[in-house]
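Geometric and topological summary
Listed below, chain by chain, are the residues.
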Amino acid sequence: MNDVKAAAAAGVALALAVVMGACGGAGGAGTASTAATRPAAPATRTTARAAVPAPTHLRVVARRTLPAPVQLPAVAATGGGNALAIGGLDAADASVADVVRIAPGAPKLVGHLPAAAHDLGAAALRGKAYVFGGGTAAGPIATIAAVGPGGTVRPAGHLPVAMSDTSAATIGGTAYVIGGYTTTTPLRSVLAIVPGHAARDVATLPHPLRYAAVAAVGRRLLIAGGTDGVHARREVLSVDPARHRVTVIARLPAPLGHAAGAVLGGTFFVLGGRGDGLTHQRATIWAVDPAGRRPRRAGRLPLALSDLGAVTVGDHVLVAGGRDASGRVHDELWTLAAR
């Protein structure tokens, strides 16, 4: 595991027993087909349904209030219309242990992590939200925890090394943890995690990556921006875990880190974020075509925010918390819909 083994050898891994129980988006051009020469098949009574066009813009349709302001929450949809926001940093930049149900209904505090943590990765598996690593007062941790829809937290394994600043997404029954940081080393790894099994390194990113916008589209992971530990990045990466392949499919108009990613209708949306400066927050929403076409503007957030959480629930995208250019941490939960 290139970076992961190197980080472990550096002795960075910190073990922290955290009792937890279940938390939680392209390809090359196709070949042209030739026209058939045989006679057309006779018409049948079954009529093909017209394809639904991919959404082109997102707009805010509702605003609710979180129990407390939060930045860098780990968010995941656990199925059945349920979604959770877990951990993060509060308005004083202190780690929090809150488990907040952000859907359905009004946001509600439903549980707590055994230890306050921020910069966790989160992905949904088996009806639970799995959270990976994270930063604590003692440094990064290697814990994997499962968080149920009701807020129950149980331990669910360990990462190969302690890490924070990760992103995560789910394909089928496997969660993938992208990049991260060990307090000394930004990581290039893509780890595959199946509950009950050891983590596997399935791909190597072209550069170290922290705070990237990530989501799964079909059988691939799409990764936009992030930081390499020094500067924000512009690349949009497509990762095929089955083939251990990473491809640059597009570039954002400008470097962007600390953004959020979500998929709706097969389109990868990148929301908010900032450049290298702490006060360079963005309100722009970018739509990224999995086929690799140039990213296009797809709306705006009500506020310019970085360090926000985003998750798809049904036919909506929920955007939780975040930090603005003044340093204020927000408590809004925005609901976005396609138009």
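Structure shown above.
Summary of the structure given here.

What counts, and where the lines are drawn
- Think of each chain on its own: its residues are numbered from 1, step by step along the sequence as written.
- The predicted origin of the model limits local features to residues at a pLDDT of at least 70 and limits the giving and counting of side-chain atom pairs to 80 or more, whereas totals for whole chains, interfaces and linings rest on all residues.
- The side-chain numbers reported here are obtained from all heavy atoms of the structure, hydrogens and water having been left aside.
- Only runs of H or I of at least four residues qualify as helices and only runs of E of at least two qualify as strands under DSSP, and these elements are numbered from the N terminus.
- Contacts: residue pairs with any heavy atoms within 4.5 Å of one another.
- At least two bridges found by DSSP between two strands are what make those strands a pair.
- Here, axes are lines fitted to C-alpha atoms. For helices the fit covers the stretch in contact, and angles between N-to-C directions go from 0 to 180 degrees.
- Each salt bridge in this description consists of a side-chain nitrogen of Lys or Arg and a carboxyl oxygen of Asp or Glu lying within 4 Å of one another.
- Burial classes: relative accessible area under 20% of the type maximum marks a residue as buried, over 50% as exposed, and values in between as partly exposed (1.4 Å probe, protein chains only).

Turning our eyes to something else, we now look at the side chain of Ser 306. Structurally, the position occupied by Ser 306 is in the loop between strand E22 (296–300) and strand E23 (309–313). Discounting chain neighbours no more than four positions away, the residues touching Ser 306 are His 258, Gly 273, Arg 274, Gln 281, Gly 322 and Arg 323.

Bringing the sheet that holds strand E17 (residues 235–240) into the picture now. The strand order E15-E16-E17-E18 describes an open sheet built from 4 strands, whose pairing is antiparallel. Each end of this open sheet is capped by a strand with a single partner; those strands are strand E15 (213–217) and strand E18 (245–251). The average angle at which neighbouring strand axes cross in this sheet is 25°, direction not considered. Across 6 bridges, the pairing between E17 and E18 is antiparallel. Residue pairing across strands places Asp 240 opposite Arg 245, the latter belonging to E18.

In this structure the tally under the stated criterion is 7 salt bridges. Across the salt bridge formed by Glu 332 and Arg 63, the nearest N and O atoms sit 3.8 Å from each other. Taken together, the residues Glu 332 in strand E25 (residues 332–338) and Arg 63 in strand E1 (residues 58–65) connect sequence positions 269 residues apart. Take Glu 332: its relative accessible area is 6%, and that puts it in the buried class. Given the relative accessible area of 46%, Arg 63 is considered partly exposed.

In short, the description is geometric, and any link to function would need to be established separately.
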